[in-house]
Amino acid sequence: MQDPTARVDEVSISRLIVESFAADFVDSLELDVAIAGAGPSGVTAARLLAKQGLKVAVFERHLHVGGGMWGGGMLLPRIVIQEEAKYLLEEVGVNLKPWKEGVYAADSVETVAKCTAAAIDAGVRIWVGMKVEDVVIRENDRVAGVVINWEAVSIAGLHVDPLALMAKVVIDATGHDSVVCRNVVRKIPGAELVSPNKAVPGERPMWAEKGEAALVPNTIEVYPGLIVTGMAANALSAQPRMGAVFGGMFLSGQRAAELAAELVAKQG
Ligand code: 48H
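One structure accompanies this document, and this report is about it. (Residues numbered from 1 in each chain as written. Predicted model: local features only at pLDDT ≥ 70, side-chain atom pairs only at ≥ 80, totals over all residues. Heavy atoms only, no water.)

Assignment of secondary structure puts Thr116 in helix α4 (residues 108-122). Only 2.6 Å separates the side chain of Thr116 from the backbone oxygen of Val112, close enough to count as a polar contact. Setting aside residues up to four positions removed in sequence, Thr116 forms contacts with Val43, Val65 and Ile126. (Helix = DSSP H or I, 4+ residues; strand = E, 2+ residues; numbered from the N terminus. Polar contact = N/O pair within 3.5 Å; in protein donor to acceptor, adjacent residues only side chain to side chain. Contact = heavy atoms within 4.5 Å.)

The following block contains the structure:
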């Protein structure tokens, strides 16, 4: 039998990595939906959209996906899930342990792994180490794509011009900082999003039940072509944080997917 190590000389390794990356990345340049942030809301929205056959990519600034899930509650790797969101986790194979009526515990590592794997299996491309630093606009300032750069470039403080790609819809799933929405408010005169004169007020102090209840109603198209989901939605509408309860994040991701699918359909 041929020695398998003989097939992997340095040039073929480099060629494979560059060519394989280039082919997939070029395929991500025109998307139905571009999602900033691979936390629970972004990955759930991505999976549900890809399941409908839409072309979806997620851009995550870190090298790891999962956002705030890994650390559970204060580094104890458990997250709390309510009955209403149970099926969104069960359909990707997460084991939920009943705790009291309508409330379950999930292992945060298992949840990240299974949600991510299911999204990839549904056809989502997840690009890590890439930060969404701006949006592309078209007529009437409609959001029409994202501007991306390596997170390592911003950490190093280098002046490197970005790349851009087009998307029929952009979803801000960047969590507490609502990065994409803040950027739109800062750069587009008159873009007030949901709160006149106080465009991105930020989240309010903790009130778990109120914060959870606010997530789905605040998952909206905040600006033409831009949907906000997850913690970013609460930050945008001055709603409370909720600690390590995550049901609302998954349900908000589901709502974002519904809205995005409708907008994509309208654009044809
Ligand atoms: C690309 C970016 C950029 C950028 C940030 O924080 P997340 O987990 O967000 P959600 O909303 O899906 O979930 C929120 C939840 O994790 C949480 O924080 C809770 C429940 N908090 C309650 C409380 O009381 O504190 O994920 C956002 C992701 C992260 O992975 C970021 O690295 C990433 O977005 N991100 N990716 N471009 N500009 N900014």
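With that settled, consider the pairing of strand β8 (residues 142-150). β8 sits mainly inside the fold: seven of its nine residues count as buried. In this structure, strand β7 (residues 130-138) lies alongside β8, joined through eight bridges in antiparallel fashion. From the neighbouring strand, Lys131 faces β8, where its bridge partner is Asn149. Taken together, β7 and the strand that follows it, β8, pair antiparallel across an intervening segment of three residues, in which Asn140 is found at a positive phi of about 55°. (Buried < 20%, exposed > 50% of the residue type's maximum accessible area, 1.4 Å probe, protein only. Pairing = 2+ DSSP bridges.)

Right, let's talk about the sheet that holds strand β5 (residues 103-107) for a bit. Pairing is antiparallel in the open sheet, where three strands are placed in the order β3-β5-β4. Two strands lie at the open edges of the sheet, namely β3 (78-82) and β4 (97-100), each paired on one side alone. Between one strand axis and the next, the sheet turns through 40° on average, direction left out of account. As paired elements, β3 and β5 share five bridges and run antiparallel to each other. Across the sheet, residue Val80 finds its bridge partner in β5, namely Ala105. (Axes fitted to C-alpha atoms, helices over the stretch in contact; angles between N-to-C directions.)

Let us now look at the packing of aromatic side chains. One pass over the full model with this rule turns up three aromatic pairs. The interplanar angle of 15° and the centroid separation of 5.3 Å between the aromatic rings of Phe21 and Phe25 together place this pair among those described as stacked. Of this pair, Phe21 and Phe25 both sit in helix α1 (residues 10-26), four residues apart, which is roughly one turn of the helix. Between Phe21 and Trp127 the ring centres are 5.4 Å apart and the planes differ by 80°, which places this aromatic pair in the edge-to-face class. Remark: Trp127 occurs in strand β6 (residues 125-128) and Phe21 occurs in helix α1; sequence separation between them is 106 residues. The class for Trp127 is buried, based on a relative accessible area of 10%. (Phe/Tyr/Trp six-rings, centres within 6.5 Å; stacked < 30°, edge-to-face > 60°.)

Under the defined criterion, the tally for this structure stands at 13 salt bridges. Of the charged contacts in the structure, one is a salt bridge between Lys114 and Glu110, with a shortest N-O distance of 2.8 Å. You can see Lys114 and its partner Glu110 sitting in helix α4, four residues apart, about one turn around the helix. We classify Lys114 as partly exposed; its relative accessible area is 28%. On the basis of relative accessible area, Glu110 is assigned to the buried category, the value being 18%. Across the pair Asp134 and Lys187 runs a salt bridge whose closest N-O atoms are separated by 2.6 Å. Note that Asp134 is positioned in strand β7 and Lys187 in helix α6 (residues 179-187), a separation of 53 residues in sequence. Where salt bridges share partners, they join Asp24, Asp27, Lys55 and Arg125 into one cluster. (Salt bridge = Lys/Arg side-chain N within 4 Å of Asp/Glu carboxyl O.)

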